[in-house]
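Descriptive structure summary
Chain by chain, the residues run as shown.
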Amino acid sequence: MFVLAAAGSAVGLGNVWKFPYMAGDSGGGAFVLLYFVCIALLGLPVMISEVLLGRRGRSSPANTMRTLAREEGQSPLWGMLGVMGMLTGLLILSYYSVIAGWTLAYVLEAAEGSFSGISAQGVGEIFNRLVADPWRLMFWHTLFMVLTMFVILRGVRRGLEAAVRFLMPGLFLLILVMVVYAVIAGDFLGGLRFLFTPDFSKITPDVVLKAMGQAFFTLSLGMGAIMMYGAYLPEDASIASTSVQVALTDTLIAILAGLAIFPIVFANGLEAGQGPGLIFTTLPLAFGHMPGGTLFGLLFFILLVFAAWTSAISMIEPAVAWMVEKFSFTRFRSSLVCGLIVWAIGAGTVLSFNLWTRVRLLDGTAFEGKSFFDLLDYLTSNIMLPLGGILICLFAAWVMSEPSRRDELRIGHPAGYVLWRFLARYIAPLGVVLIFLHVLGIV
Ligand code: PHE
C-alpha cells in the first residue's frame, strides 16, 4: 500500500508536464544533470527522513510532528512544520488542479478527434484558445476539484490502490509507445542531445534553484504527503529500499516523458522553452500523425488525469486530516472547507493565463513579469518544499534520539545507515541553504 500510495503521489503532472517544460526553459542537459544530483543528494535523504517520521508518528503530519517532538522532549513548535506543509499542499493544489483541468479538456479534444492530421500551428491554436478562455479553464478546474474531493470525502484508501496498481503501468506503457514514436518520427538524437549534453554555461543560480525545487516537487517531498503515507508502512518494511524504489520509478517516468517530447519539438521546429504549454502543444502532434493516434491520445490524457488525481489527493489529505483532528470537524465539513479554499485560490491561476498575465504590483522587483501562477509555483516548489525538507531532515537526523531513528530505519547495512545520516545531517540541509544563499547573491 505504501509503495503504491507514494508512487501515486510522486508520479503525476510533475513528471509528464512540469519536468519537460522546466528542462526546456532551462536549456536542457545542465538542468537535467542538476536535477539528478538533487534527487540523489537531497531528495532521497529527505524522503527517507519523511517516511521515517510518518511511520513513527502515524497521524496527520501536524500531529505527527507534535507527538514526535513531545516524545523527544522538544518544543511543540515543531508542529508548525506540519502546518506549513499543509499550507504548501493547499497552495500547490490550487494551481495543480488548473493544469489537471487542461488535461481533462484534452481528454475531450482527443475524443472529438481534434488532433487527427493536425499541424503544428493547429495544435498551438487549440491550446491558445483553451487558455484564453477563463470560463472554460474554470469549468475544468472545478471538475477536477470535484473529482479530488470525491475521493477525499470517502476516505483516501479505497480506490486509490486500484487506481495506482492498474493505471500507473498503463501510463508507463503509453509513454513508452510515445518514445518509440519519437524514435521513428521525431528527431530522437536531437532530443537525446538536448536532455543529456550539459551546457555548463546555462547553469545560473536560478537554474540550480529550479532543479532543486523540481526534485522536491516531483517526489512530493517537504509538505507531509509522504509523511502521511509513511503511516501506512508496516513495521517490517524497509524504509530505505522502498524510498529508493519510488524515487527511481519517478525519475524514470520523467526522463521517458522528456524522451517522448523533445524529439517531436525539434522535428517540428517548435520552441523548447515555451513554458507550461509544452506537452499540450507537442504530444497532440504525435497523436495526430501516428497510427491509432486518436485512441492513444484519448487513453494518454485519461491516464494522465488519473496520475494527477492520485497526486492531488496527497496534497490536500494532510490538511483535511488535520482539521478533523484539530477542530473535531466531520470529514465532510473539513473536506468542504479545504476544497473550497483551494478552488477559490485556483481562480488566480486561471486568470494568470489570460486576463492577468503578470502581477503588475511586483514590477520593479525581482519578480517582475511573473504571473500569479509563476509566483505560486516559485514560492511553493523552490522555497516552501525545500524549507520543509530541511526541517524534516534536521528533525530526523539531529533531534530524534539515535536509538529511535536507528530502530525505526533498521537499514540492513550499517554503512547504509551512516550514509543516510550523513546526507540528512549535513549534505541536504547545507545544500538547500547554500542554494538559497547563492540565489540571494550571498555566496
Ligand atoms: N509529485 C507530484 C507530481 O509530480 C506533485 C506533488 C507535489 C504531490 C507535492 C504532492 C506534494 O505531480
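Summarised in this report is the structure supplied together with it. (Residues numbered from 1 in each chain as written. Predicted model: local features only at pLDDT ≥ 70, side-chain atom pairs only at ≥ 80, totals over all residues. Heavy atoms only, no water.)

**Some remarks on the overall build of the chain**
Counting its regular elements, the chain contains 18 helices and zero strands. Radius of gyration (C-alpha) of the chain: 21 Å, near the 22 Å computed for a compact globule of 443 residues. By its C-alpha atoms, the chain is 65 × 50 × 50 Å across when sized along the principal axes. Buried positions account for 59% of the 443 residues belonging to the chain. Restricting the contact set of the chain to residue pairs at least 6 apart, pairs at least 24 apart contribute 81%. Within the structure as shown, the chain displays about 16800 Å² of accessible surface, and the carbon and sulfur contribution to it stands at 69%. (Helix = DSSP H or I, 4+ residues; strand = E, 2+ residues; numbered from the N terminus. Rg over C-alpha atoms; globule rule 2.2 N^0.38 Å. Buried < 20%, exposed > 50% of the residue type's maximum accessible area, 1.4 Å probe, protein only. Contact = heavy atoms within 4.5 Å. Areas by Shrake-Rupley, 256 points an atom, 1.4 Å probe, with all protein chains shown as cover.)

**As for the side chain of Thr 218**
Positionally, Thr 218 belongs in helix H10 (residues 205-218). The buried category is assigned to Thr 218, whose relative accessible area is 0%. Not counting chain neighbours up to four residues away, the residues in contact with Thr 218 comprise Ala 10, Gly 14, Asn 15, Tyr 35, Ile 39 and Asp 250.

**Examining the site of the ligand**
With respect to spatial proximity, 14 residues lie near the ligand, and among them Ala 10, Gly 14, Tyr 96, Phe 217 and Ser 220 are the closest. At a separation of 2.9 Å, a nitrogen atom of the ligand approaches a polar side-chain atom of Ser 220. Considered on its own, the ligand offers 330 Å² of accessible surface; in the complex 100% of this is hidden by protein. Of all elements in the fold, only helix H1 (2-10), helix H2 (13-25), H10 and helix H14 (293-327) reach the threshold of two or more residues within the shell around the ligand. Considered class by class, the residues forming the shell around the ligand number six nonpolar, eight polar and no charged. (Near = heavy atom within 4 Å. Polar contact = N/O pair within 3.5 Å; in protein donor to acceptor, adjacent residues only side chain to side chain. Nonpolar A, V, L, I, M, F, W, Y, C, P; charged D, E, K, R; others polar.)

**With respect to the pattern of salt bridges**
In this structure the tally under the stated criterion is 15 salt bridges. Between Glu 402 and Arg 421 there is a salt bridge; the shortest N-O distance is 3.0 Å. One end of the pair, Glu 402, is in helix H17 (residues 402-409); the other, Arg 421, is in helix H18 (residues 414-439), with 19 residues separating them in the sequence. A relative accessible area of 23% means that Glu 402 is categorised as partly exposed. Looking at Arg 421, the relative accessible area reads 21%, which means it is partly exposed. One connected set of salt bridges, linked through shared partners, spans Arg 55, Arg 56, Glu 71, Asp 407 and Glu 408. (Salt bridge = Lys/Arg side-chain N within 4 Å of Asp/Glu carboxyl O.)

**As for H2**
Maximum bend of H2: about 30°, positioned at Phe 19, with proline Pro 20 one to four residues after it. The element H2 is largely enclosed, with a buried count of 12 among its 13 residues. Those residues of H2 lying buried are Leu 13, Gly 14, Asn 15, Val 16, Trp 17, Lys 18, Phe 19, Pro 20, Tyr 21, Met 22, Ala 23 and Gly 24. One or two steps after H2, the chain reaches Gly 27, where phi turns positive at roughly 85°. (Bend = angle between axes of the 7 residues up to and from the residue.)

By themselves, these observations are geometric and do not establish any function.
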